[in-house]
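Survey of secondary and tertiary structure
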Amino acid sequence: MNIFLAELIGTMVLILLGNGVVANVVLARTKGGNSGWIVITAGWGFAVAIAAYITGWVSGAHLNPAVTFGMWLYGSMALAYVVAQCIGAFLGYLTYKRHYDVTEDAGLILATFSTGPAVRDFKWNLVTEIIDTAVLVFGVLGIFNSHNGIASGFGPFAVGILVYSIGLSLGGPTGYAINPARDLGPQIAHALLPIKNKGHSDWEYAWVPIVGPLIGGGIGAPCYKFLPVFA
């Protein structure tokens, strides 16, 4: 139960701060309006680090079913986290109500809940999410390799830097979901919440940021585990 609650709280913080920075940048009449992609990627990186520091000592702070799946393949039996992660993502929205009311662009409203491709081509969007998430899991395993000696203190911050790097370098094509819980719970919230001026929830695309990260997580961990240089 402690692990479940830690993942619930950690993912709620992750989504609240991560999608919060998107809302701050794209919604109408916010203090951070139009501050751009660098702010969004930095905000997401910091969100990952803070959520990991809050709960990592309890549960390991996977905060991401793709990471959980990858870690399971690597040897960590933790798939029970997935349910808590999705619930935590769904509960993460507590702010920006008035700014949603004055935002007329349905696409910008949806962007504060879920990712979407810059160029809509499902097969290549899927490839992008697979690559991005494989880099994430590969990088996380590298950061927490005992030879680096940074796991207990600097580790979560290093993961935040990793997420920031992925966003800056690889996030342009799809918005780098790299986490099934990052989109699924918030997208359900978008569908259910009575938000003024919202459009459709784009369920046609919704499978890409779920399937892509799970495949990517399943590739990144075995690659790290079985490459001789890391053995």
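Refer to the structure presented above.
Here's a quick rundown of the structure.

Conventions we followed
- Residues numbered from 1 in each chain as written.
- Predicted model: local features only at pLDDT ≥ 70, side-chain atom pairs only at ≥ 80, totals over all residues.
- Heavy atoms only, no water.
- Patch = residues over 30% accessible without salt bridge, like charges linked within 9 Å, V, L, I, M, F, W, Y side chains within 5 Å.
- Areas by Shrake-Rupley, 256 points an atom, 1.4 Å probe, with all protein chains shown as cover.
- Salt bridge = Lys/Arg side-chain N within 4 Å of Asp/Glu carboxyl O.
- Helix = DSSP H or I, 4+ residues; strand = E, 2+ residues; numbered from the N terminus.
- Buried < 20%, exposed > 50% of the residue type's maximum accessible area, 1.4 Å probe, protein only.
- Phe/Tyr/Trp six-rings, centres within 6.5 Å; stacked < 30°, edge-to-face > 60°.

Let us look at a nonpolar patch on the surface. Where nonpolar side chains cluster on the molecular surface, the patch consists of L5, I9, L17, I50 and I54 and spans about 390 Å² of accessible area. Elements with a contribution of two residues or more to the nonpolar patch: α1 (2-26) and α2 (37-59). Top contributing element to the nonpolar patch by residue count: α1, with three residues. Inspection of the secondary structure puts L5 in helix α1. Looking at L5, the relative accessible area reads 38%, which means it is partly exposed.

Positive phi is not limited to glycine here, since R29 has a value of about 60°. Exposure remark for R29: the relative accessible area of 71% places this residue in the exposed category. Of note in this structure, Y96 is not a glycine but carries a positive phi near 70°. The residue Y96 is located in the loop between α4 (81-90) and α5 (97-101) in this model. A relative accessible area of 23% means that Y96 is categorised as partly exposed.

It is worth spelling out the packing of aromatic side chains at this point. Taken as a whole and judged by the stated rule, the model has six aromatic pairs. Taken together, a centroid distance of 5.8 Å and an interplanar angle of 75° make the contact between W37 and Y176 edge-to-face. One end of the pair, W37, is in helix α2; the other, Y176, is in the loop between α8 (155-170) and α9 (180-192), with 139 residues separating them in the sequence. Pairing F122 with W207 gives two aromatic rings, centres 6.0 Å apart and planes at 85°, and the pair type is edge-to-face. Taken together, the positions of F122 in helix α7 (residues 122-143) and W207 in the loop between α9 and α10 (208-226) put the pair 85 residues apart, joining distant regions of the chain. Given a relative accessible area of 23%, F122 falls into the partly exposed group. Three or more aromatic residues joined by ring pairs form one cluster here, namely F122, Y205 and W207.

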